[in-house]
Amino acid sequence: MNPNTLIEKAGVARLPTPHGVFTAHAYRALKDGVEHLAVTMGEPAGEATLVRLHSECLTGDVFGSLRCDCGEQLALALESIAAEGRGVLLYLRGQEGRGIGLAHKIRAYALQDEGLDTVDANAALGLPIDSRSYEMAAAMLHDLGVTSVRLMSNNPKKIAALEAAGLKVAERVPHAVEANAENRYYLATKRKRMGHLLKP
């Protein structure tokens, strides 16, 4: 893969956080202009880099919504990278609601409040269950010099997507957080209907 045909680097700066001091690498997708962020610590290039692909989730990441596990997974990823002193978190924008967008996700939430699960709610709206692509993620990792990853994920599709793009997944690192009363059914649906590797 030649990342220069897919993305351009738009800026690099220090990013101090409660979890430690990271480096933020801004990228812009050449196809649609969507901007993504790679947050790194240490030297990301090379083998067995600890990596998290994190899909944008405004409700979970910013507002701390308990309907999903996204905000907690984001914090856990940063904590894990900081503890190791080396790694990459890719914040993938344009992937809200597994790719359906913010407004559609809120509409799907309303249907979930009426009893549908997350899969059936999307289907009822005539929307895909999961339309995310990880092409930009692979391009960013290639640009950073990453040659193989230890992927923090419960989603087998992410592993397959990276390997299809020529990045070896040396290890899957489980990335589950404790369920709560609001997201227990949602997490069970991801396990039962979407193949996520989560414990019952």
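Residues numbered from 1 in each chain as written. Predicted model: local features only at pLDDT ≥ 70, side-chain atom pairs only at ≥ 80, totals over all residues. Heavy atoms only, no water.

> How should the pairing of strand β7 (residues 168-173) be read in this particular structure?
Along a regular strand, successive side chains alternate from one face of the sheet to the other. Sheet topology note: the strand β6 (residues 148-152)/β7 ladder contains 5 bridges and is parallel. Bridge pairing links Ser-148 to Lys-168 in β7. On the question of chirality, the crossover connecting β6 to the parallel β7 by way of helix α7 (residues 156-164) is right-handed. (Pairing = 2+ DSSP bridges. Helix = DSSP H or I, 4+ residues; strand = E, 2+ residues; numbered from the N terminus. Right-handed = clockwise from strand over helix to strand, strands pointing away.)

> Explain α7 here, please?
Side chains of residues three or four places apart in an α-helix project in the same direction, reflecting 3.6 residues per turn. Buried within α7 are the following residues: Lys-158, Ile-159 and Leu-162. For α7, the angular spread of the buried residues around the axis is 100°, confining them to a single face. Exposed and oriented more than 90 degrees from the buried face of α7 are Lys-157 and Ala-164. Residues of α7 that are buried make contact with β4 (49-55), α6 (135-143), β6 and β7. The N-capping residue of α7, defined by a side-chain oxygen 3.0 Å from the backbone nitrogen of Lys-157, is Asn-155. Following α7 by one or two positions, Gly-166 adopts a phi angle in the positive range, close to 90°. (Buried < 20%, exposed > 50% of the residue type's maximum accessible area, 1.4 Å probe, protein only. Arc of directions from axis to C-beta. Contact = heavy atoms within 4.5 Å. Polar contact = N/O pair within 3.5 Å; in protein donor to acceptor, adjacent residues only side chain to side chain.)

> Quick question: what am I supposed to make of the pairing of β6 here?
The buried fraction of β6 is high, at 5 of 5 residues. Side chains Ser-148, Arg-150 and Met-152 project from β6 onto one buried face, and the interleaved Val-149 and Leu-151 project onto a second face that is buried too.

> Teacher, can you tell me more about empty space enclosed by the protein here?
If a probe the size of a water molecule is rolled over the atoms, the empty space left behind becomes visible. Enumeration over the complete set of coordinates arrives at 1 cavity of 30 Å³ or more. What the largest cavity holds in volume is close to 400 Å³. In this structure, the largest cavity is lined by 29 residues; those nearest its centre are Cys-70, Arg-98, Arg-132, Tyr-186 and Lys-190. Contributions of two or more residues to the lining of the largest cavity are made by β4, α2 (70-84), α3 (96-99), α4 (102-113), α5 (118-124) and α8 (184-194). With 4 residues, the top contributor of residues to the lining of the largest cavity is α4. (1 Å grid on protein atoms, 1.4 Å probe; cavity = no way out; pocket = protein on both sides within 12 Å on 5 of 7 lines; lining within 4 Å. Points joined across faces, edges and corners; volume = space filled by probe spheres on them.)

> Please clarify how the packing of aromatic side chains should be interpreted in this entry.
Each aromatic ring pair is summarised here by two numbers: the centre-to-centre distance and the angle between the ring planes. According to the stated counting rule, one finds 0 aromatic pairs in the structure shown. Over the ring of Tyr-109 we find Arg-67, and its NZ or CZ is 4.2 Å from the ring centre. (Phe/Tyr/Trp six-rings, centres within 6.5 Å; stacked < 30°, edge-to-face > 60°. Lys NZ or Arg CZ within 6 Å of the ring centre and 35° of its normal.)

> Help me understand the sheet that holds strand β3 (residues 35-41) in this model?
Through backbone hydrogen bonds, the strands of a sheet pair up, either in parallel or in antiparallel fashion. Overall, mixed pairing links the 7 strands, which are arranged β1-β2-β3-β5-β4-β6-β7 in an open sheet. In the strand order of this sheet, the two ends are held by β1 (7-17) and β7, each with one partner. Within this sheet the neighbouring strands show an average axis-to-axis angle of 25°, counted without direction. (Axes fitted to C-alpha atoms, helices over the stretch in contact; angles between N-to-C directions.)

> How do you make sense of a nonpolar patch on the surface when you look at a structure like this?
There is a patch of nonpolar side chains on the surface, built from Leu-58, Val-62, Phe-63, Leu-102 and Ile-106 and spanning about 470 Å² of accessible area. Looking at where Phe-63 falls in the secondary structure, it is placed in the loop between α1 (58-62) and α2. (Patch = residues over 30% accessible without salt bridge, like charges linked within 9 Å, V, L, I, M, F, W, Y side chains within 5 Å. Areas by Shrake-Rupley, 256 points an atom, 1.4 Å probe, with all protein chains shown as cover. Salt bridge = Lys/Arg side-chain N within 4 Å of Asp/Glu carboxyl O.)

> How do you make sense of the environment of Ala-123 when you look at a structure like this?
Tracing the chain through its elements places Ala-123 in helix α5. Taking the relative accessible area as the measure of exposure, Ala-123 reaches 45% and is therefore partly exposed. Between the C-alpha atom of Ala-123 and that of Ala-108, which follows or precedes it by 15 residues, the distance is 9.2 Å.

> Please explain α4 as it appears in this structure.
In this model, α4 (12 residues) spans 17 Å end to end at C-alpha, consistent with the 16 Å of a helix rising 1.5 Å per residue. Those residues of α4 that sit buried are Lys-105, Ala-108, Tyr-109, Leu-111 and Gln-112. Viewed end-on, α4 has its buried residues packed into an arc of 160°, placing them on one side of the element. Of the exposed residues in α4, those oriented more than 90 degrees away from the buried face are Ala-103 and Asp-113. (Expected span 1.5 Å × (residues − 1).)

> What is the right way to read the pattern of salt bridges from this model?
Should the charged atoms of two oppositely charged side chains come close, the side chains can pair. Tallying each qualifying case throughout the model produces 13 salt bridges. Ionic pairing is found between Asp-69 and Lys-190, a salt bridge with its closest N-O pair at 3.5 Å. Separated by 121 residues along the polypeptide, Asp-69 in the loop between α1 and α2 and Lys-190 in helix α8 bring together distant segments of the chain. Take Asp-69 and Lys-190: they sit in the same class, and that class is buried. Among the ionic pairs, Arg-132 bridges to Asp-130, the shortest N-O distance being 2.8 Å. Look at Arg-132 and you get buried, because its relative accessible area is 17%. Relative accessible area serves as the criterion here: at 21%, Asp-130 is assigned to the partly exposed category.

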